[in-house]
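Descriptive structure summary
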Amino acid sequence: MADLDNLKVPHDYHLDKPFANNRPFYVKGANALDWGMKKHLANIFNPKSGNTVMFAFDHGYFMGAVSGLERLDLVLPKLMPHIDVLMCTRGALRTCVDPACRKAVALRATSGSSMVQDDLSHEILAVDAEEAVRLNADCLAVQTFIGADGQLSSLQNLEQAVNLGQRYSIPVLGVVAVGKEMERTQKYFKLATRMLAELGANIIKTYYCEGFDEVAAACPVPLVVAGGRKLPEQEALKLCYDSISHGARGVDMGRNIFQSYHAVSMIKAVRKIVHGGLNDQEAYEYYKAEVAKEGGEGAGS
Ligand code: R5P
């Protein structure tokens, strides 16, 4: 086998070269898509920065009323002006989101797991294309479990969503899930993100890791980074900056916004990184100044 090993071409991600097939449409990997698909993607990714701030508040679909999201009807209006994309369930959308808000929608389309189970890796595609059209969804979010028990069925869900999405011009957001037993390494995220893109997802939600530049370079569609568990604000802003500066085209952040006591200041600071070119330190200074302006009243409360 040694001879064969010697024939291997070493990995080269050409990190110095931007994605080559990105003209005339600015969203990575979307050149060959039709007008309707591009319109949805343009609703999601700001045409100026090319990036997006997704606010994830779909946690209730398997976690119930998590801390910070007990009252969607009260939390959402405060954050709404600073959100690009609402990532949520159809239940939350119909009950708690003002249809006049003019925000893009990433519709959570899979379900079937809940916090009381040990294994969360089994879901079904629960939202059909007609329902997505009725809700004017800009993309269908499909959870996938690469390397877990539910891999096959979750990839079937993804493929089915891609088939429906192609028929109705609705992009698919492939969500890379991480479980207790699953790795959070560059190798794993490179595998999972590339697999989902090759299976037809138009956007991938994943996690930040060391070597993220290579993960992003090897994936022919845009990556958005999930926030994960609640961190101190300064660390969450660093996660956001590291993600954007290493190739992510946005964040899909939930707990690090809605569980911040100063949720409005936090999402505004996140925007400054995603769209405004600030680094994490500058954004943290901005966050502190915004908190001071609040005058002690927790905007997240
Ligand atoms: C996870 O599956 C949830 O659906 C969230 O959308 C996702 O985890 C992002 O939220 P957070 O930033 O809280 O991790």
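Report on the accompanying structure. Everything quoted here is computed from the prediction, not taken from an experiment.

**Regarding the overall build of the protein chain**
Helix and strand content of the protein chain: 13 helices and 10 strands. Here the C-alpha radius of gyration of the protein chain, 19 Å, is about what a compact globule of 301 residues would show, namely 19 Å. Seen through its C-alpha atoms, the protein chain measures out along the principal axes to roughly 70 × 45 × 40 Å. Here the protein chain, with 301 residues, has 52% of them falling under the buried criterion. In the protein chain, the proportion of contacts linking residues at least 24 apart, taken out of those at least 6 apart, comes to 65%. Computed over 32 positive and 35 negative side-chain charges, the separation of the two mean positions in the protein chain equals 6 Å.

**A closer look at the nonpolar core**
Judged by nonpolar contacts, the single largest core of 78 residues is most densely connected at Phe-57, Leu-79, Leu-86, Leu-107, Ile-204, Leu-237 and Val-270. No other element matches the 8 residues that helix 12 (residues 263-274) contributes to this core. Residues within four places of Leu-86 in sequence aside, it is in contact with Phe-55, Phe-57, Met-80, Val-97, Cys-101, Lys-103, Ala-104, Val-105 and Ala-106. Formed by 20 residues, the second largest nonpolar core is a distinct cluster that contains Met-54, Ala-56, Met-87 and Ala-104.

**Considering the packing of aromatic side chains**
Tallied over the full model, the rule gives 8 aromatic pairs. A centroid spacing of 5.5 Å and a plane angle of 25° characterise the contact between Phe-55 and Phe-57, whose relative ring orientation is stacked. Taking relative accessible area as the criterion, Phe-57 reaches 3% and is therefore assigned buried. It is Arg-184 that lies over the ring of Tyr-207; its NZ or CZ is 5.1 Å from the centre.

**Some words on the side chain of Asp-58**
By secondary structure assignment, the location of Asp-58 is in the loop between strand 1 (52-56) and helix 3 (60-63). On the accessibility criterion, Asp-58 (4% relative accessible area) is buried. There is a polar contact of 2.8 Å between the side chain of Asp-58 and the side chain of Arg-108.

**Regarding the state of the cysteines**
The final tally for this structure, using the stated rule, is 0 disulfides. The thiol of Cys-96 is not disulfide-bonded; the next cysteine sulfur, from Cys-88, is found 9.5 Å away. Take Cys-96: its relative accessible area is 24%, and that puts it in the partly exposed class. Cysteine Cys-101 shares no disulfide, and the gap to the nearest cysteine sulfur, in Cys-88, comes to 9.0 Å.

**Topic: the pattern of salt bridges**
Scanning the model with the defined rule gives 14 salt bridges in all. When the shortest N-O distance is used, the salt bridge between Asp-242 and Lys-238 registers 2.8 Å. Placement of the pair is Asp-242 and Lys-238 together in helix 10 (residues 233-245), with a separation of 4 residues, close to one helical turn. The partly exposed category is assigned to Lys-238, whose relative accessible area is 41%. Of the charged contacts, one joins Lys-288 and Glu-285 as a salt bridge, the two residues approaching to 3.5 Å between their closest N and O atoms. Taken together, the positions of Lys-288 and Glu-285, both in helix 13 (residues 280-294) and 3 residues apart, correspond to about one turn of that helix.

**A few points about the site of the ligand**
Around the ligand, the surrounding shell consists of Ala-56, Asp-58, His-59, Arg-108, Gln-143, Lys-205, Gly-227, Gly-228, Asp-252, Met-253, Gly-254 and Arg-255. Here Gly-227 contributes a backbone N or O atom positioned 3.1 Å from an oxygen atom of the ligand. Within the backbone of Gly-254, a nitrogen or oxygen atom sits 2.8 Å from an oxygen atom of the ligand. For the ligand, whose unbound accessible area comes to 350 Å², protein coverage reaches 96%.

**Some thoughts on the sheet that holds strand 9 (residues 223-226)**
Taken in spatial order, the 8 strands line up as 1-2-3-6-7-8-9-10 and close into a barrel, and their pairing is parallel. Across the sheet, the axes of successive neighbouring strands diverge by a mean angle of 25°, strand direction being ignored. As paired strands, strand 6 (residues 139-144) and strand 7 (residues 172-176) are joined by 5 bridges and run parallel to one another. Residue pairing for strand 7: Ala-141 is matched across the bridge by Leu-173.

**Topic: the packing of helix 10 against helix 12**
Between helix 10 and helix 12, whose axes approach to 9 Å, the crossing angle comes to 25°. Taken together, the axes of helix 10 and helix 12 lie roughly parallel to each other. By crossing handedness, the relation of helix 10 to helix 12 is classed as right-handed. Touching Glu-233, Ala-236, Leu-237, Cys-240, Tyr-241 and Ile-244 of helix 10 are Met-266, Ala-269, Val-270, Ile-273 and Val-274, all from helix 12. In terms of residue class, the contact of helix 10 with helix 12 is made up of 10 nonpolar, no polar and 1 charged.

**So, the environment of Ser-265**
Relative to the assigned elements, Ser-265 resides in helix 12. Residues Ser-265 and Glu-294, 29 residues apart in the sequence, show an inter-C-alpha distance of 8.6 Å. Residue contacts for Ser-265: discarding those within four places in its chain leaves Tyr-287, Glu-290, Val-291 and Glu-294.

Here is what the cut-offs are and how they apply
Residues numbered from 1 in each chain as written. Predicted model: local features only at pLDDT ≥ 70, side-chain atom pairs only at ≥ 80, totals over all residues. Heavy atoms only, no water. Helix = DSSP H or I, 4+ residues; strand = E, 2+ residues; numbered from the N terminus. Rg over C-alpha atoms; globule rule 2.2 N^0.38 Å. Buried < 20%, exposed > 50% of the residue type's maximum accessible area, 1.4 Å probe, protein only. Contact = heavy atoms within 4.5 Å. Lys, Arg positive; Asp, Glu negative; His and termini not counted. Charge placed at Lys NZ, Arg CZ, Asp CG, Glu CD. Core = buried A, V, L, I, M, F, W, Y, C linked by side-chain atoms within 4.5 Å. Phe/Tyr/Trp six-rings, centres within 6.5 Å; stacked < 30°, edge-to-face > 60°. Lys NZ or Arg CZ within 6 Å of the ring centre and 35° of its normal. Polar contact = N/O pair within 3.5 Å; in protein donor to acceptor, adjacent residues only side chain to side chain. Disulfide = S-S within 2.5 Å. Salt bridge = Lys/Arg side-chain N within 4 Å of Asp/Glu carboxyl O. Near = heavy atom within 4 Å. Areas by Shrake-Rupley, 256 points an atom, 1.4 Å probe, with all protein chains shown as cover. Pairing = 2+ DSSP bridges. Axes fitted to C-alpha atoms, helices over the stretch in contact; angles between N-to-C directions. Parallel < 35°, antiparallel > 145°, perpendicular 65-115°, else oblique. Left-handed = near helix turned anticlockwise from the far one by under 90°. Nonpolar A, V, L, I, M, F, W, Y, C, P; charged D, E, K, R; others polar.

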